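Each chain, letter by letter, is given below.
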Amino acid sequence: MDALVETDLEQAIADTRRWLERAVIGLNLCPFAKAVHVKGQIHYAVTAARGGADLLDVLEAELQALAAADPAVRDTTLVIAPWAYPDFYAFNDFLDDADRLLARLGLEGVLQIAPFHPRFQFAGTDADDITNATNRAPYPTLHLIREASIDRAVEAFPDAEAIYQVNIDTLEQLGPQGWAALDVGPRLPPARPDAGPSACGKLGP
């Protein structure tokens, strides 16, 4: 792998960790994230794939690896694709392919795929609505989650449906300036012309 590309991929992981620690955990947007983070059970897989078949190949490998892994070692995976689908709507369309892949692998009901994107936008909201930040990561990211972990989390937090409203309230109180002050944005430029689609790096269990 080109040394410069490898350095950029490492930066993408560092940016994602910072976002997780400062926003997701720091603002308690996901009450279940802190435990797996502290225990080192999050696997970070970063790829220079630009999208399409290359990203699906990476996703397939990571879905199979997570399904085969000991949950005590690897509970969840973040697939980070810093140069894939800068347009949110194209990324959103890709999720249909991701769900079909999940079904083809026979992993429906075993794993889920949750999307994050720097320009994530909920239906019915404006692009600059601060509540969109709940699903805004530094880079296009696919969160691979075990269904069993979700079930345990719901048992531990029976009012899980209230999390969404609590997050909205938190972000509205924080406001755009407060979100910006968290400094959880990307350090990398939107794209590198020399970033080959096959480059991939990994960190974590």
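Below is a summary of the structure that appears in this document. (Residues numbered from 1 in each chain as written. Predicted model: local features only at pLDDT ≥ 70, side-chain atom pairs only at ≥ 80, totals over all residues. Heavy atoms only, no water.)

**Overview of a negative patch on the surface**
The criterion, for reference: A patch is a set of surface residues, each over 30% in relative accessible area and not in a salt bridge, joined within 9 Å for like charges and within 5 Å for the nonpolar side chains Val, Leu, Ile, Met, Phe, Trp and Tyr. Here the accessible surface of atoms and residues is derived via Shrake-Rupley with a 1.4 Å probe, and residues count as covered only by protein chains that are part of the display. What makes a salt bridge here is a side-chain nitrogen of Lys or Arg within 4 Å of a carboxyl oxygen of Asp or Glu, nothing more. When charges are tallied, Lys and Arg are placed among the positive residues and Asp and Glu among the negative ones, while His and the ends of the chain are skipped. In this description, the location of a charge corresponds to atom NZ of lysine, CZ of arginine, CG of aspartate or CD of glutamate. Each helix is a run of DSSP H or I of at least 4 residues and each strand a run of E of at least 2, with the numbering of both proceeding from the N terminus. Accessible area is worked out with a 1.4 Å probe on protein chains only. A residue is then buried under 20% of its type maximum, exposed over 50%, and partly exposed in between.
On the surface, Asp87, Asp93, Asp96, Asp99 and Glu108 cluster together to form a negatively charged patch. For Glu108, the position within the fold is in the loop between helix 4 (88-104) and strand 3 (111-116). Taking relative accessible area as the criterion, Glu108 reaches 56% and is therefore assigned exposed.

**What about the nonpolar core?**
Which entries qualify depends on this criterion: What is meant by a nonpolar core is a set of buried Ala, Val, Leu, Ile, Met, Phe, Trp, Tyr and Cys residues, joined one to another through side-chain atoms within 4.5 Å.
Ranked by internal contacts, the top residues of the largest apolar core, which has 32 residues, are Trp19, Leu20, Tyr44, Ile80 and Trp179. By size, the runner-up hydrophobic cluster in this structure holds 23 residues, among which are Phe88, Ala98, Leu102 and Ile113.

**Regarding helix 6 (residues 162-181)**
Selection rule: Think of it this way: the bend at a residue is just the angle between two axes, each fitted to seven residues, one set ending at that residue and the other starting at it.
Residue Gly175 marks the point of greatest curvature in helix 6, where the axis turns by about 95 degrees; the proline Pro176 follows within four residues. Along helix 6, the positions that sit buried rather than exposed are Ile163, Asn167, Ile168, Leu171, Gly175, Gly178 and Trp179. Looking at the residues trailing helix 6, positive phi occurs at Asp183, about 55 degrees.

**Things to note about the packing of aromatic side chains**
Defined as follows: Stacked, tilted and edge-to-face are the three classes assigned to paired rings of Phe, Tyr and Trp, where Trp is represented by its six-membered ring and a pair needs centres within 6.5 Å; plane angles under 30 degrees give stacked, over 60 edge-to-face, the rest tilted.
Overall, the coordinates contain 6 aromatic pairs when judged by the stated rule. With a centroid separation of 5.2 Å and an interplanar angle of 35 degrees, the aromatic rings of Tyr85 and Phe94 are classed as tilted. Considered together, Tyr85 and Phe94 belong to a single accessibility category, that of buried residues. A ring pair is formed by Phe122 and Tyr164, whose centres lie 6.1 Å apart and whose planes are at 80 degrees; its orientation type is edge-to-face. Linking Phe122 in the loop between strand 3 and strand 4 (141-146) with Tyr164 in helix 6, this pair joins segments that are 42 residues apart in sequence. Connected via pairs of aromatic rings, a cluster forms that spans Phe88, Tyr89, Phe120, Phe122 and Tyr164.

**A short note on the environment of Arg146**
This is how the line gets drawn: Here, residues are in contact when the closest pair of their heavy atoms is within 4.5 Å. Think of a polar contact as two N or O atoms within 3.5 Å of one another; within protein, one of them needs to be a possible hydrogen donor and the other a possible acceptor, and neighboring residues in sequence only count if both atoms come from side chains.
Note that Arg146 resides in strand 4. Residue classification places Arg146 among the buried positions, given a relative accessible area of 9%. Sequence separation between Arg146 and Thr76 is 70 residues; the distance between their C-alpha atoms is 6.7 Å. Excluding residues that lie within four positions of it along the chain, Arg146 makes contacts with Leu66, Ala67, Ala69, Asp70, Pro71, Arg74, Asp75, Val110 and Leu111. Within the structure, the side chain of Arg146 is placed 2.8 Å from the backbone oxygen of Arg74, a separation counted as a polar contact.

**Section: helix 3 (residues 52-68)**
Put simply, the test is: Multiply 1.5 Å by the residue count of a helix minus one, and that product is the helix's expected span.
The terminal C-alpha atoms of helix 3 lie 25 Å apart, and with 17 residues this matches the ideal 24 Å at 1.5 Å per residue to within 8%. Within helix 3, burial applies to Leu55, Val58, Leu59, Glu60, Glu62, Leu63 and Leu66.

**Focus on the pattern of salt bridges**
Scanning the model with the defined rule gives 6 salt bridges in all. For Arg152, the salt bridge identified is with Asp75, shortest N-O distance 3.8 Å. Here Arg152 is found in helix 5 (residues 147-156), whereas its partner Asp75 is found in the loop between helix 3 and strand 2 (76-80), with 77 residues between them in sequence. Residue class for Arg152 comes out partly exposed when judged on its relative accessible area of 47%. With its nearest N and O atoms 3.1 Å apart, the salt bridge here joins Asp183 to Arg187. Here the residues in one salt-bridge network are Arg22, Asp183 and Arg187, joined through shared partners.

**Quick notes on the side chain of Thr131**
Mapped onto the secondary structure, Thr131 falls in the loop between strand 3 and strand 4. Setting aside its immediate chain neighbours within four residues, Thr131 contacts Phe122, Ile168, Leu171 and Glu172.

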